[in-house]
Structures are given as C-alpha cells and as structure tokens.
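Fold and geometry: a report
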Amino acid sequence: AEVVAPAMGTRRVYYQAKPSLRVQVPGAKGIRYHTDREYYHQSGEVNWWVPVTDTFGTNTLHLESGPGAADFAPLELGVGKAAHFWGNQCRHGTLENETPVTRVSFDFRVVREEDFDHDAMA
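The text that follows walks through the structure, step by step, so that each part is easy to find.

Thresholds, definitions, all that
- All residue numbers here refer to positions counted from 1 along the written sequence of the relevant chain.
- Since the coordinates come from a predicted model, pLDDT governs what is reported: local features require at least 70, and pairs of side-chain atoms require 80 or more to be given and counted, while whole-chain, interface and lining totals use all residues.
- With hydrogens and water excluded, all non-hydrogen atoms of the structure serve as input to the side-chain values.
- Under the scheme used here, helices are H or I runs from DSSP no shorter than 4 residues and strands are E runs no shorter than 2 residues, and both carry numbers assigned from the N terminus.
- Only the C-alpha atoms count toward the radius of gyration. The rule for a globule is 2.2 Å times the residue count to the power 0.38.
- Type-normalised accessible area, obtained with a 1.4 Å probe on protein chains alone, sets the label of each residue: buried when under 20%, exposed when over 50%, and partly exposed for intermediate values.
- Every definition here rests on a 1 Å grid over the protein atoms only: cavities are sets of points where a 1.4 Å probe fits but cannot get out, pockets are open sets enclosed by protein on both sides within 12 Å along at least five of seven lines, and lining residues have some atom within 4 Å of a point.
- Grid points are joined across faces, edges and corners, and a volume is the space filled by probe spheres set on the points.
- The classification used treats Ala, Val, Leu, Ile, Met, Phe, Trp, Tyr, Cys and Pro as nonpolar, Asp, Glu, Lys and Arg as charged, and all other residues, Gly among them, as polar.
- A pairing counts as a salt bridge when a side-chain nitrogen of Lys or Arg comes within 4 Å of a carboxyl oxygen of Asp or Glu.
- When DSSP finds two or more bridges between a pair of strands, those strands are recorded as paired.
- Identification of polar contacts relies on pairs of N or O atoms within 3.5 Å, with a donor-acceptor requirement for protein atoms, meaning one able to donate a hydrogen and the other able to accept it, and with residues adjacent in sequence counted only if both atoms are side-chain atoms.
- Throughout, a contact is declared for two residues whenever any of their heavy atoms are within 4.5 Å.

**Quick look at the overall build of the protein**
- When helices and strands are counted, the protein shows one helix and eight strands.
- For the protein, the α and β elements follow one another from N to C terminus as α-β-β-β-β-β-β-β-β.
- Its C-alpha atoms give the protein a radius of gyration of 15 Å, near enough to 14 Å, the size a compact globule of 122 residues would have.
- Within the protein, the proportion of its 122 residues that are buried is 39%.

**Regarding the layout of surface pockets**
- Here the largest pocket is characterised by a volume of approximately 680 Å³.
- Arg22, Asp36, Asn47, Asp107 and Arg109 are, among the 32 residues lining the largest pocket, the residues nearest its centre.
- Counting only elements with at least two residues in the lining of the largest pocket, the list comes to strand S1 (13–15), strand S2 (20–24), strand S3 (45–51), strand S7 (92–94) and strand S8 (103–112).
- Looking at which element gives the most residues to the lining of the largest pocket, the answer is S8, with five residues.
- For the lining of the largest pocket, the residue count by class is 15 nonpolar, ten polar and seven charged.

**Notes on the pattern of salt bridges**
- For the coordinates displayed, the defined rule picks out nine salt bridges.
- We note a salt bridge from Arg12 to Glu113, for which the minimum N-O separation is 3.2 Å. Remark: Glu113 occurs in the segment after S8 and Arg12 occurs in the loop between helix H1 (4–7) and S1; sequence separation between them is 101 residues.
- The partly exposed category is assigned to Glu113, whose relative accessible area is 34%.
- Among the ionic pairs, Lys29 bridges to Glu96, the shortest N-O distance being 3.9 Å.

**Let's talk about the sheet that holds strand S5 (residues 73–74)**
- What the three strands build is an open sheet, ordered S5-S4-S7; its pairing is antiparallel. Single-partner strands in this sheet number two, and they are S5 and S7.

**Side note on the side chain of His62**
- Residue placement: His62 occurs in strand S4 (residues 61–63).
- A polar contact of 3.4 Å, which involves the side chain of His62, links it to the backbone oxygen of Gly57.

**Focus: the side chain of Asp107**
- Tracing the backbone through its elements, the reader meets Asp107 in strand S8.
- A polar contact of 2.7 Å, which involves the side chain of Asp107, links it to the side chain of Arg109.
- If we skip the residues at most four places from it in the chain, Asp107 touches Gln16, Pro19, Ser20, Arg22, Trp48 and Trp49.

Structure, rendered in structure tokens:
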C-alpha cells in the first residue's frame with residue numbers, strides 16, 4: 001500500500017488478497033488476449049504486474065495502449081520493476097514463449113477505495 005496507493009493517486013486501496021504467480025517456460029502456449037471485464041472484475045480495477053525475471057519478446061505480457069486500440073506491444077521490464085494498467089478495459093495476454101528464457105512474474109489487482117463497488121461483491 002505504501003507504493004501502490006500513492007501511484008494510484010489515493011490513500012487507501014482494496015487489493016487482491018493472494019497475488020497470482022505466473023510461470024511461462026520456453027515453448028509454453030500463450031493466454032488469449034482478453035480484458036478482465038470478461039471475468040466480471042470491477043470497473044475501477046487496476047492490474048499490477050511484477051516480473052521476477054527479465055521480460056522481453058515473447059516471454060512477456062503483451063497489452064494494448066488503450067481500450068480497443070489493438071496495438072499490442074510487449075511489456076519489457078527488468079527485475080525489480082513493476083507496471084500497472086487498466087486490465088479491466090485494455091486487452092492483454094501472452095504469446096507462445098519462443099525465447100530460451102522462463103518468465104516468472106506475479107500480478108495482483110487493486111481498486112482505489114473511492115472507486116470500490118461494494119454491490120459488485122454481493
């Protein structure tokens with residue numbers, strides 16, 4: 001919360017209780033492009049993605065720059081870096097990992113307290 005809340009322009013956030021760990025070995029199939037809205041996530045939700053290995057080329061997450069842009073680009077980050085994006089609105093996914101490097105990352109979702117929809121949890 002010390003890093004995430006200020007980066008989101010707020011003091012308090014609701015966050016996913018257990019982060020998701022992702023491992024994509026060389027040759028592993030990708031995950032189709034999608035928005036998290038397709039899985040009924042909250043509209044104010046922001047995805048935080050943190051690789052624990054260097055990411056590049058086809059071993060990384062690909063996302064579009066804005067809703068419906070379809071201009072997918074690899075999210076190339078080094079160890080110790082993080083990215084956040086509107087996964088509920090912007091499509092994202094992975095390609096088949098054609099690199100010789102296994103990608104390990106974790107991600108979690110966050111909603112600013114003032115944007116949290118309590119009714120969506122019912």
